[in-house]
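Fold and contact review
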Amino acid sequence: MTVRGIELFAGAGGLALGLEKAGIEELAFVEFDKYACATLRKNRPNWNVIEDDIKNVDFTEYKGKVEVVSGGAPCQAFSYAGKGLGFGDTRGTLFEQFARAVNEIKPKIFLFENVKGMLSHDKGRTFKTIKHVFESLGYEIQYDILNAAYYGVAQKRQRLIVIGIKNDLKSKIYFEYPEPEEKMMPLKNALKNVPKSPYQPYSDNKKRVMELVPAGGCWVDLPEEVAKDYMGKSYYSSGGRRGIARRISWDEPSLTLTTSPSQKQTERCHPDETRPFTVREYARIQSFPDEWSFEGSLSEQYKQIGNAVPVELARRLGVQIVKSLKNN
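Going along each chain's sequence as written, the residues are numbered from 1 onward. Reporting of local features is limited, given that this is a predicted model, to residues whose pLDDT is at least 70; pairs of side-chain atoms are given and counted only at 80 or more, and all residues count toward the totals for whole chains, interfaces and linings. To get the side-chain values, take all heavy atoms of the structure and skip hydrogens and water.

A word on the nonpolar core. Counting 31 residues, the largest nonpolar core has Ile-6, Leu-8, Phe-59, Phe-98, Phe-110, Phe-112 and Phe-134 as its most contacted members. Taken together, the elements giving at least two residues each to this core come down to β1 (3–8), β2 (24–31), α4 (94–105), β5 (109–115), α5 (125–136), β6 (139–147) and β7 (158–166). Considering each element in turn, this core owes the most residues, six residues, to α4. Only heavy atoms enter the contact rule, under which two residues are in contact if any of them lie within 4.5 Å. The residues contacting Phe-59, other than those within four sequence positions of it, are Ile-6, Leu-8, Val-30, Ile-54, Arg-100, Ala-101, Glu-104 and Ile-105. What makes a nonpolar core is a set of buried Ala, Val, Leu, Ile, Met, Phe, Trp, Tyr and Cys residues whose side-chain atoms join them at distances within 4.5 Å. When a residue's accessible area, from a 1.4 Å probe over protein chains only, is under 20% of the maximum for its type it is buried; when over 50% it is exposed; and in between it is partly exposed. Of all hydrophobic cores here, the second largest spans 29 residues; its members include Ala-12, Leu-191, Ala-283 and Trp-292. Helical segments are the DSSP runs of H or I of at least four residues, strand segments are the runs of E of at least two, and each set is numbered from the N terminus.

A word on the side chain of Gln-200. On the secondary structure map, Gln-200 appears in the loop between α6 (187–190) and α7 (204–210). Among residues more than four places away in sequence, those in contact with Gln-200 are Ser-260, Pro-261, Ser-262, Pro-276, Leu-298, Ser-299 and Tyr-302.

Bringing the packing of helix α1 (residues 14–21) against helix α11 (residues 311–325) into the picture now. Angles shown run from 0 to 180 degrees and are taken between the N-to-C directions of axes, each axis being a line fitted to C-alpha atoms and, for helices, limited to the stretch in contact. Relative orientation of the contacting elements α1 and α11 amounts to 45°, with a least axis distance of 7 Å. Taken together, the axis directions place α1 and α11 in an arrangement best described as oblique. The two elements α1 and α11 meet at a crossing, and its hand is right-handed. Contact with α1, carried on its side by Gly-14, Leu-15, Leu-17, Gly-18, Leu-19 and Lys-21, involves Val-311, Ala-314, Arg-315 and Gly-318 of α11 and no other residues of that element. Oblique is the label for every angle not falling under 35 degrees (roughly parallel), over 145 degrees (roughly antiparallel), or within 65 to 115 degrees (roughly perpendicular). Two helices that cross are described as forming a left-handed crossing if the nearer one is turned anticlockwise from the farther one by less than a right angle, and a right-handed crossing if clockwise.

Two elements in contact, α4 and α5, have axes separated by 10 Å at closest approach and are oriented at 20°. Taken together, the axis directions place α4 and α5 in an arrangement best described as roughly parallel. Between α4 and α5 the crossing geometry is right-handed. For the pair α4 and α5, the contacting residues are Phe-95, Phe-98 and Ala-99 in the first and Ile-130, Val-133 and Phe-134 in the second. Any residue that is not Ala, Val, Leu, Ile, Met, Phe, Trp, Tyr, Cys, Pro, Asp, Glu, Lys or Arg is counted as polar, Gly included; the first ten are nonpolar and the last four charged. Residues that form the contact of α4 with α5 fall into these classes: six nonpolar, no polar and no charged.

The next thing to look at is the sheet that holds strand β4 (residues 68–71). Should DSSP find at least two bridges between two strands, the strands are taken to pair. Taken together, the seven strands give an open sheet; going across it, the order is β3-β2-β1-β4-β5-β7-β6, and neighbouring strands pair in mixed fashion. Either end of the sheet is taken by a strand with one partner, and the two such strands are β3 (49–51) and β6. Here the average twist between neighbouring strands, direction ignored, is 20°. Judged from the three bridges that link them, β2 and β3 form a sheet pairing that is parallel. Each residue of the ladder has a partner; that of Val-30, found in β3, is Ile-50. In the packing of helix α2 (residues 34–43) onto the sheet, contacts are made with β2 and β3, and the angle to β3 comes to roughly 165°. Sheet strands touched by α5: β5, β6 and β7. Its angle to β6, the strand with the most contacts, is close to 140°.

This brings us to α2. Restricting attention to buried positions, one finds in α2 the residues Ala-36, Cys-37, Thr-39, Leu-40 and Asn-43. Looking straight down α2, one finds that the buried residues subtend no more than 155° of arc, so they occupy a single side. Exposed residues on α2 whose side chains face more than 90 degrees from its buried face are Lys-34 and Lys-42. Two or three places before Tyr-35, at the start of α2, stands the capping residue Asp-33, its side-chain oxygen 3.0 Å from that residue's backbone nitrogen. Starting at the helix axis, one direction is taken to each C-beta atom, and the arc is that of these directions. In protein, a polar contact means a hydrogen-donor-capable atom and an acceptor-capable atom, both N or O and within 3.5 Å, with residues adjacent in sequence counting only if both atoms are side-chain atoms; elsewhere, any N or O pair within 3.5 Å suffices.

The criterion for an aromatic pair is that two Phe, Tyr or Trp rings (for Trp, the six-membered ring) have centres within 6.5 Å, with stacked assigned to planes under 30 degrees apart, edge-to-face to planes over 60 apart and tilted to the rest. Applying the stated rule across the entire model yields 17 aromatic pairs. For the ring pair Phe-98 and Phe-134, a centre distance of 6.1 Å and an interplane angle of 75° mean the geometry is edge-to-face. Of the two residues, Phe-98 is situated in helix α4 and Phe-134 in helix α5; the sequence distance between them amounts to 36 residues. In this pair, the class of Phe-98 matches that of Phe-134, namely buried. Seen from their ring centres, Tyr-235 and Tyr-236 are 5.2 Å apart, and the 80° between their planes marks the pair as edge-to-face. You can call Tyr-235 buried: its relative accessible area is 19%. One aromatic cluster is present, built from ring pairs that chain together Phe-95, Phe-98, Phe-110, Phe-112, Phe-134 and Tyr-139.

Despite not being glycine, Asn-193 has its phi angle at roughly 50°, a positive value. With respect to the element layout, Asn-193 can be found in the loop between α6 and α7. Judged by relative accessible area, which is 76%, Asn-193 ranks as exposed. Here the phi dihedral of Ser-287 falls at roughly 65°; this positive angle occurs in a residue that is not glycine. Tracing the sequence through the fold places Ser-287 in the loop between α9 (279–285) and α10 (298–307).

Here it is as structure tokens:
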């Protein structure tokens, strides 16, 4: 059977490409960012890319025509209102638009991905609201946190993956999350024979600091005075600082890629050379194929790649979705 889908908040196509590799044929890709849309059109001229604010898109024409709705709404924080636990609590947010699309299309199954922190935001009340909205639309919800490094991606990237199955099909559709590998994928597995491409160089000061950090090390490996000067107030804060002045080792996955590789205090330095990862290295770490090109300025390209769902993680999720729909 042909499994068809609609992709929302498509970005540079990480999730879309993974689902395509799994055999899902998507009828439309909704994206607001002009550079991301240019990337999608450059790589897949045949794709139906809808470049518009999602609130302007009418999805009713797709009802009964697609089995899957997928996407990761960039969720602005919203809090549980304590009243209806429904659309009213999410009004004005991009999540509301994702839910509206699901409601108008009525797919058999949907995939909603987001940051891990959504589960704990506002003491769990935000996700409780989201779950309730999906259930009120007639879907049974299951969710899990998947770390891409256990799914063929050379990057520690934890994402919340929510799967919704239409209530009247839950006795027929059984979705299982892909099986994780026993070990995380190291950087050396991803960065073999990478095509040359540009990168954003470090400032002279940052380069001097990063030259003192060994592979696999971070700010704790710096001389105390250098660390104090470089980190400023962060030197005295507690917890969550191992990403500062971090040089990745070949034998470990990269830390989660950010939207800018030379961002202050979230360094992801190359193991051997004192520089950030290049655009093509960034793409490899996100498991994009080398032939997938990115449009826009250098900073726009990094942003598109950094925001993407890793292609291989998406492919494995897509395989499971197709498998669950096989007999329906």
